[in-house]
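Structural features, examined
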Amino acid sequence: MAQLLEKSKKVIEAQLAGTSIKALTGSMVAYEGNVQFKSAGFGGGSGIMAGLKQRATGEALSLMECAGNGRVFLAVNGQHVTVINLNNEQLKVESRQLLAMAGNLQTNVTFAGLRGASSGQGLFTTTVTGQGQVALLSAGGPLIHLEVSPQYPLVVDPDAFVCAKGNLQQSFITDVSWRTAVGQGSGEAFSLRWEGNGLVSIQPAER
Amino acid sequence: MFQKVNSKVVKVNVAAAGGVVARTGAMLFYTGDVRFAPHQVPGASPMGGMGGMARMAGRMMQGEHERTMMAHGNGEVHYGFAGLEVHIVEFAQGASLKVEASRLLANTAGLQSSVVSVMSQGGGGGGGGLMGALRGAATGALTGQGMFTTQLSGQGAAVLLAHGGLIELQVGGPAPVVVDPQAFVAAYGNVQTELKTAMSWRDAVGRGAGEAMQLHCIGQGIVYVQASEEKL
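Since the structure is predicted, the reported quantities are computational estimates derived from the model, not experimental observations.

**Examining the overall build of chain B**
Within chain B, the regular secondary structure consists of 4 helices and 15 strands. Going through the 232 residues of chain B one by one, you find that 41% of them count as buried.

**Concerning the overall build of chain A**
What chain A contains, in helices and strands, is 2 helices and 11 strands. Secondary structure of chain A in N-to-C order comes out as β-β-β-α-β-β-β-β-β-β-β-α-β. For chain A, the proportion of its 207 residues judged to be buried stands at 41%. Restricting the contact set of chain A to residue pairs at least 6 apart, pairs at least 24 apart contribute 78%.

**Details of the confidence of the model for chain B**
All names here are of chain B. Of all residues in chain B, 69% attain a pLDDT of 70 or more, and the chain-wide mean is 79. The element-level mean pLDDT for chain B is lowest in helix α3 (residues 129-143), coming to 52, with strand β2 (residues 9-13) highest at 96. Predicted confidence is poor over residues 43-52, with pLDDT under 50, and the contacts of this stretch with residues over four places away or in other chains come to 14 contacts.

**So, the interface of chain A and chain B**
Each side of the interface is counted separately: chain A has 22 residues, and chain B has 22 residues. Mapped by element, the contributors of at least two residues to the side of chain A that touches chain B are β1 (3-8), β3 (28-42) and β4 (62-74) of chain A. Broken down by element, the residue count for the side of chain A that touches chain B peaks at 9 residues, all from β3(A). Partitioning the side of chain A that touches chain B into residue classes produces 9 nonpolar, 8 polar and 5 charged.

**Topic: the nonpolar core**
One finds A:L99, A:A100, B:L160 and B:V225 to be the most contacted residues of the largest nonpolar core, which totals 100 residues. Not counting residues up to four positions away in its chain, the partners in contact with B:L160 are B:V86, B:H87, B:V89, B:V99, B:R103, B:L104, B:L105, B:L166, B:V185, B:A186 and B:Y224.

**Brief notes about the confidence of the model for chain A**
On average, chain A scores 83 in pLDDT, and the residues at 70 or more come to 79%. Within chain A, the element-level pLDDT minimum falls on helix α1 (residues 48-57) of chain A, averaging 60, and the maximum on strand β8 (residues 144-148) of chain A, averaging 94.

**Things to note about the environment of A:N88**
All names here are of chain A. By the element assignment, N88 lies in strand β5 (residues 80-93). Measuring from C-alpha to C-alpha, the distance between N88 and K22 comes to 18 Å, with 66 residues separating the pair along the chain. For N88, the contacting residues outside a window of four places in its chain are G130 and Q131.

**Thoughts on unusual backbone geometry**
All names here are of chain A. With a phi angle near 50 degrees, N77 is a residue other than glycine that sits in the positive phi range. For N77, the location among the structural elements is in the loop between β4 and β5. Non-glycine residue N88 carries a positive phi angle of around 50 degrees.

**Comments concerning the environment of A:N167**
All names here are of chain A. Summarising the element assignment, N167 is placed in strand β10 (residues 161-174). Judged by the 11 C-beta atoms lying within 10 Å of it, N167 is exposed. It is 9.6 Å that separates the C-alpha atoms of N167 and E89, two residues lying 78 residues apart in sequence.

**Here we look at the pairing of strand β5 (residues 68-79) of chain B**
All names here are of chain B. Across 4 bridges, β2 lies against β5 in antiparallel orientation. Each residue of the ladder has a partner; that of K11, found in β5, is H78. Bridge analysis of strand β3 (residues 20-23) against β5 gives 4 bridges, and the strand direction is antiparallel. Residue R23 lies in a different strand from β5, and its bridge partner there is T68.

**Details of the environment of A:W178**
Residues and elements named next belong to chain A. The topology assignment puts W178 in helix α2 (residues 178-181). What makes W178 exposed here is the crowd of 8 C-beta atoms within 10 Å. Taking the C-alpha atoms as reference points, W178 and A139, separated by 39 residues in sequence, lie 33 Å from one another.

Conventions we followed
Residues numbered from 1 in each chain as written. Chains lettered and ligands numbered in written order. Predicted model: local features only at pLDDT ≥ 70, side-chain atom pairs only at ≥ 80, totals over all residues. Helix = DSSP H or I, 4+ residues; strand = E, 2+ residues; numbered from the N terminus. Buried ≥ 20, exposed ≤ 12 C-beta atoms within 10 Å, placed from the backbone. Contact = placed C-beta atoms within 7 Å. pLDDT = per-residue confidence, 0-100. Nonpolar A, V, L, I, M, F, W, Y, C, P; charged D, E, K, R; others polar. Core = buried A, V, L, I, M, F, W, Y, C linked by C-beta atoms within 7 Å. Pairing = 2+ DSSP bridges.

Structure below.
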């Protein structure tokens, strides 16, 4: 199986030995050895349906497949990178923060409820399931992992949300009042609330 | 000679370094008695009685030249630029460094600086003559890297700029090293770079992997790559 490593704070190294990984289109900065790159379609799976799904949902995730022998270095815009291991788990991830995937993983676009109706985040979210490794991007600094337990629900800004893992329920909080309507809102009109057991990761910057 | 203050600032003792050439506007502050004067690479100089072709060539090369200033005197100068990460390269005897002018923050004045054509780096890159020149121009247009690159050689040290930090890749192993032209910062040692296209019909129909242009590095040395594809 192909391995993903953190080569530096901002660069992912993928080790290929006749194996392949999927990575964000155009994210390769260098490679060593004999590696081929080709478009691997979109996050919604593969095939024509996936393409249609992407158009329909706006979850823009364009991936390429890197296959061969050698090392591939991936980086985007000097953003910090983190590798997360998945062991037959499901990871909900903001599609723009997904850098690479290795192993036996499936991506899908699922309906996430009405949360994104007016936050501009879309009504859909990308999920990654299976066994393997996922490399994530975080702007502004390393990812911040926040634990969620039944006594302590967590509320995050949808613009800072990167991913969530575990047995979590997501709900959408609106704090719209007459103040928002007259332009005197606090700027935090929409929030994501997480309940249950799990880990939510955010980035120290808002998109 | 250069010393890192933090990941984005370097300091240098000007007297010990024998003068420092740095990008204009990159000086943050200095202590002691230091004087700054405009500095130009020989190739780009409009002075010196050069006329005709040489002058034209000089002007062409100005694309590959940032305005620089020379610091002389006694004291310590701090340099930094646009919040970009810095990396210090110490030259071994007789070594050379090829770097994009826009990614060079400073170098000691003892280093010889010249502007070299990308094609003349040999390795069968563009070939000679008119075809080579045309190919070089096309290469420059495609990557936005220009036809020329700055070469530093001699004894001293230089400071590179990178967005998102640098990684070093060893060239000369059994496996070839290939770099995205937009992420390429510099090559140290005896490294030839050659631009290749990995285009296929997929790119033509907009389904490419986004890695159509690739810079193949061959020879012996180190290639510096930044963690971003942002132009400086």
